[in-house]
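So you can see what is in the structure, the chains are spelled out below.
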Amino acid sequence: MSKLVTIYGGSGFVGRYIARRMAKAGWRVRVAVRRPNEAIFVKPYGVVGQVEPVLCNIRDDASVAQVMTGADAVVNCVGILAKQGKNTFEAVQAEGAARIARIAAAHGVSQMVHVSAIGADADSDSDYARTKALGEASVLEHMPGAVILRPSIVFGPEDQFFNRFASMSRLGPVLPVVGADTRFQPVYVDDVAKAAEVALTGGAEGGVYELGGPDTHSFRTLMATMLEVIRRRRVVLNIPFWAASIMGFGFDMLNAFTLGLVPAQITRDQVRNLRNDNVVAEGARGFPELGIKPVAMSSVLPEYLWRFRPSGQYDAIKESAKNLRA
């Protein structure tokens, strides 16, 4: 019988790519999510019955254990960028990760992959970065041989980075950003999934791997690259950190006052994160040790950002038409 992997958060941005890769590798895939009826799209990743979304809440021991029954490997892709209700940073990224690892050890699961993030730091003043580090420590405590993947900002067709700012660029001549000089090393989502596949199939030693793409740029340069792809002229306006902190406070209060009905456009915690570069540390293990050559942004961004061009899919045709002679 083929091996079984349970992927917590397997319908999310990164999780769905891992699920697709593991299905293609012949594994049975159990996609553990809070709303399985909204994850039906993962079923065609394999043959009938090979990929199944199942109900799970990582804040509950019994729920985590139930979907792990019979699994040969587990992957934790669950993470949040802003707290909402009971899904706090502590509950999801620290306690949730610890729960999955503890139960995996108790079930005798042979392999675990934990998706964290570059910048995870137990001493950080950011709740996001601090709880990411706490989650990593708990995973290694219970599953010493686990592989921890720390990607930089992840891009791809469903991302919430380039898609978000490309959408914002349609609203006016100015594109505001926080931390314009902060450096990032964007990594293609399927490269992260490939790293997880290597780890799950026994091709990687346990420990931490920092994943960054071949291009390292400032936030401002990334926005300029995106604007070039979508063929729009905009002024990239840097919002100072002090002003962004005030904005984050206001959005945090509005979100709390409306009981989460109005999402925060930016939070104080996100502003704290943007103060630090998000690049692979010198000497860190990464793609080379996994035998993977990461894909460059230039070969991927045009494939999904074209819809933000002034004329969408017809933009290239209109440009060609200008060159025609009457």
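Residues numbered from 1 in each chain as written. Predicted model: local features only at pLDDT ≥ 70, side-chain atom pairs only at ≥ 80, totals over all residues. Heavy atoms only, no water.

A. Molecular detail of the sheet that holds strand β6 (residues 147-151). On the basis of which strands lie adjacent, the open sheet formed by seven strands has the order β3-β2-β1-β4-β5-β6-β11 and parallel pairing. Looking at which strands have only one partner, the edges of the open sheet turn out to be β3 (51-55) and β11 (207-211). Across the sheet, the mean angle separating the axes of adjacent strands is 20° when strand polarity is ignored. Alignment of β6 against β11, held across five bridges, turns out to be parallel. Counterpart to Pro151 in the pairing with β11 is Leu211. With respect to the sheet, helix α2 (residues 61-68) is in contact with β1 (4-8), β2 (28-33), β3 and β4 (73-76), its orientation differing from that of β1 by roughly 150°. The sheet contacts of helix α3 (residues 89-106) involve β1, β4 and β5 (111-115), and relative to β4 the element is tilted by about 175°. (Pairing = 2+ DSSP bridges. Helix = DSSP H or I, 4+ residues; strand = E, 2+ residues; numbered from the N terminus. Axes fitted to C-alpha atoms, helices over the stretch in contact; angles between N-to-C directions. Contact = heavy atoms within 4.5 Å.)

B. Highlighting the packing of helix α1 (residues 13-24) against helix α6 (residues 189-200). In contact at an axis separation of 8 Å, α1 and α6 are set at 50° when each is read in the N-to-C sense. On the basis of the axis angle, α1 is oblique to α6. Considering the relative orientation of α1 and α6, their crossing is right-handed. In this structure, α1 contributes Phe13, Val14, Tyr17, Ile18, Arg21 and Met22 to the contact, and α6 contributes Val189, Asp190, Val192, Ala193, Lys194, Ala196, Glu197 and Leu200. (Parallel < 35°, antiparallel > 145°, perpendicular 65-115°, else oblique. Left-handed = near helix turned anticlockwise from the far one by under 90°.)

C. Spatial organisation of the nonpolar core. Residues Val5, Ile18, Val29, Phe162, Met223, Met226 and Leu305 are the most contacted members of the largest nonpolar core, which totals 70 residues. Of all the elements, α6 adds the most residues to this core, at eight residues. Residue contacts for Ile18: discarding those within four places in its chain leaves Ile7, Val75, Cys77, Val115, Ala193 and Ala196. Judged by nonpolar contacts, the second largest core, of 27 residues, contains Val78, Val92, Met112 and Tyr128. (Core = buried A, V, L, I, M, F, W, Y, C linked by side-chain atoms within 4.5 Å. Buried < 20%, exposed > 50% of the residue type's maximum accessible area, 1.4 Å probe, protein only.)

D. Structural view of α6. Over its 12 residues, α6 runs 17 Å from end to end, which matches the ideal 16 Å to within 8%, given 1.5 Å per residue. Burial within α6 is extensive, with 11 of its 12 residues counted as buried. Within α6 the residues assigned to the buried category are Val189, Asp190, Asp191, Val192, Ala193, Ala195, Ala196, Glu197, Val198, Ala199 and Leu200. Backbone geometry just downstream of α6 places Gly202 in the positive-phi region, at approximately 85°. (Expected span 1.5 Å × (residues − 1).)

E. Examining the side chain of Asp190 more closely. Structurally, Asp190 can be placed in helix α6. One polar contact links Asp190 to Arg21, side chain to side chain, over a distance of 3.0 Å. Sequence-distant contacts of Asp190, that is, excluding residues within four places in its chain, are made with Tyr17 and Arg21. (Polar contact = N/O pair within 3.5 Å; in protein donor to acceptor, adjacent residues only side chain to side chain.)

F. A look at the environment of Gly15. Structurally, Gly15 can be placed in helix α1. For Gly15, a relative accessible area of 1% puts it in the buried group. Note: C-alpha distance between Gly15 and Glu210 (195 residues apart in sequence) is 17 Å. Ignoring sequence-local partners within four residues, the contact set of Gly15 consists of Ile7, Gly9, Gly10 and Cys77.

G. Examining the packing of α3 against helix α4 (residues 127-142) more closely. Interaxial distance between α3 and α4 falls to 8 Å at its minimum, and their mutual angle equals 10°. The pairing of α3 with α4 is recorded here as roughly parallel in orientation. The residues of α4 that touch α3, namely those facing Phe89, Glu90, Gln93, Ala94, Ala97, Ala98, Ala101, Arg102 and Ala105, are Asp127, Tyr128, Arg130, Thr131, Lys132, Leu134, Gly135, Ser138, Val139 and His142. Its residues assigned to classes, the contact of α3 with α4 comprises nine nonpolar, five polar and five charged. (Nonpolar A, V, L, I, M, F, W, Y, C, P; charged D, E, K, R; others polar.)

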